[in-house]
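Commentary on secondary and tertiary structure
Listed here are the chains, written in short residue letters.
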Amino acid sequence: APENARQAGSRRLAARGGAQQAVTIKNGLAWLAGHQSDDGRWRSDGFAERCPSDDACKGKGLASNDIGVTGLALLAMLGNGNTLASGPYHEAVKKAGVWLIEQQDADGLIGQAGSTTTMYNHAIATTALSELAGLSGSKILRPAVQKAVDYIQMARNPYKVWRYHPRDGDNDSSMTGWMVMALTSAKTFDFAVAKKNFSYALAWYDEVTDTSTGMVGYTKMGESSSRPLAMGKKFPASETEALTALGLCCRIFMGQTPEKEPLLRTSADRLMSKVPEWTEDGRIDLFYWYFGSMACFQMGRKWWDGWKKGLESSLPKNQVQEGHAKGSWDPVGVWGSSGGRVATTALAVMCLQVYYRYTKLIRK
């Protein structure tokens, strides 16, 4: 198959001095490929089934997050240009896509309703499947993906946004961000997405963003990011700007530019106070780093240079270099116990793929 844009981008990264990042990505993807289950999923708590008994990888997540974790691993593979027909991991990509679609119910939901993480898992899986269908040019996948997209559109609160359950009357910036990213991905690949979803999302972020500081609140202006239960002390919300990064990322992908919306610069400036730093004192937050990487790269050199320095000094040197866990990252971050080693590794790889993952939307 001919080289696609992401495969070419990966090659250019290595050629222009990013050899270390390219090797780090390559090793991360190899570890993921080696820990995929036979049924196509990545098991948050059972990935070690593929390990030798005397060198089993540790770092389990929660089995209830298998759908989201599989979606993240699939996104990491798609990020390097693997599709249904091309790339060294095209078979792994195909198996993961089939497994995710097998988890879809008649209403379009990927997974089982009821959990506070169900909608997160669905959003991540929908993003991955829309990329898989779009990048692969697959017509067979499109009906199932459209059903997943339609479920997201149905689940939005009337005249508002999203939270844990469909149309439950509650709204938050975190869930809304994942839904927006799923819908913008779907729109990119020509799935049917109503414009009003983006209009209400922008209105929400306007409502919860402090224009003087650029900080995005959780359920209201000024409210800090959420932390997992029992993690608030070790990972205080004051050490992250995850929602500011997510809100900024959404604004960019929904079409806003810093020239017309100076608030984007204010939010980007705020991220500079908390660039990636791999210190086990409450700073490791891979979800934050992923959205921050995308946002700063899109915003341009003034912000990207500082962010990139932190990212590239944190991830390559903390990747496991030997044993069966080689290529992965220890799940020592704030969400490590939720997604485990698989999610941590997938997100780390996705951070480093930012150079070629998406087209540059903000032109200077």
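Placed above this text is the structure.
The following paragraphs examine the structure supplied in this document. Because the structure is a prediction, the values reported are computed rather than measured. (Residues numbered from 1 in each chain as written. Predicted model: local features only at pLDDT ≥ 70, side-chain atom pairs only at ≥ 80, totals over all residues. Heavy atoms only, no water.)

**What about the pattern of salt bridges?**
Scanning the entire structure with this criterion turns up 16 salt bridges. A salt bridge links D172 to R163; its shortest N-O distance comes to 2.9 Å. Considered together, D172 and R163 belong to a single accessibility category, that of buried residues. Within the structure, one salt-bridge network assembled from shared partners comprises R6, E131 and R357. (Salt bridge = Lys/Arg side-chain N within 4 Å of Asp/Glu carboxyl O. Buried < 20%, exposed > 50% of the residue type's maximum accessible area, 1.4 Å probe, protein only.)

**What about the packing of aromatic side chains?**
Tallied over the full model, the rule gives 12 aromatic pairs. Here Y159 and Y200 contribute two aromatic rings whose centre-to-centre distance is 6.1 Å and whose plane-to-plane angle is 80°, an arrangement assigned as edge-to-face. A residue pair is termed long-range when its members are at least 10 positions apart, and Y159 in the loop between α6 (142-155) and α7 (173-188) and Y200 in helix α8 (residues 195-208) qualify at 41 residues. Arranged with centres 5.4 Å apart and planes meeting at 80°, the rings of F297 and W304 form a pair that is edge-to-face. Side by side, F297 and W304 carry an identical accessibility label, which is buried. An aromatic cluster of three or more residues is present, and its members are W178, F287, Y290, F291 and W335. Taking NZ or CZ as reference, R6 lies 5.5 Å from the ring centre of Y358, over its face. Across from the ring centre of F297, 5.3 Å away, lies the NZ or CZ of K360, which sits over that ring. (Phe/Tyr/Trp six-rings, centres within 6.5 Å; stacked < 30°, edge-to-face > 60°. Helix = DSSP H or I, 4+ residues; strand = E, 2+ residues; numbered from the N terminus. Lys NZ or Arg CZ within 6 Å of the ring centre and 35° of its normal.)

**Some details on the nonpolar core**
Ranked by size, the top nonpolar core spans 109 residues in total, and within it L32, W162, W289, F291 and L315 carry the most contacts. With near-sequence residues (within four places) excluded, F291 lies in contact with W178, M181, A245, L246 and C249. (Core = buried A, V, L, I, M, F, W, Y, C linked by side-chain atoms within 4.5 Å. Contact = heavy atoms within 4.5 Å.)

**Observations concerning the environment of D305**
Inspection of the secondary structure assignment puts D305 in helix α12 (residues 301-318). On the accessibility criterion, D305 (33% relative accessible area) is partly exposed. Within the structure, the side chain of D305 is placed 2.9 Å from the side chain of R301, a separation counted as a polar contact. (Polar contact = N/O pair within 3.5 Å; in protein donor to acceptor, adjacent residues only side chain to side chain.)

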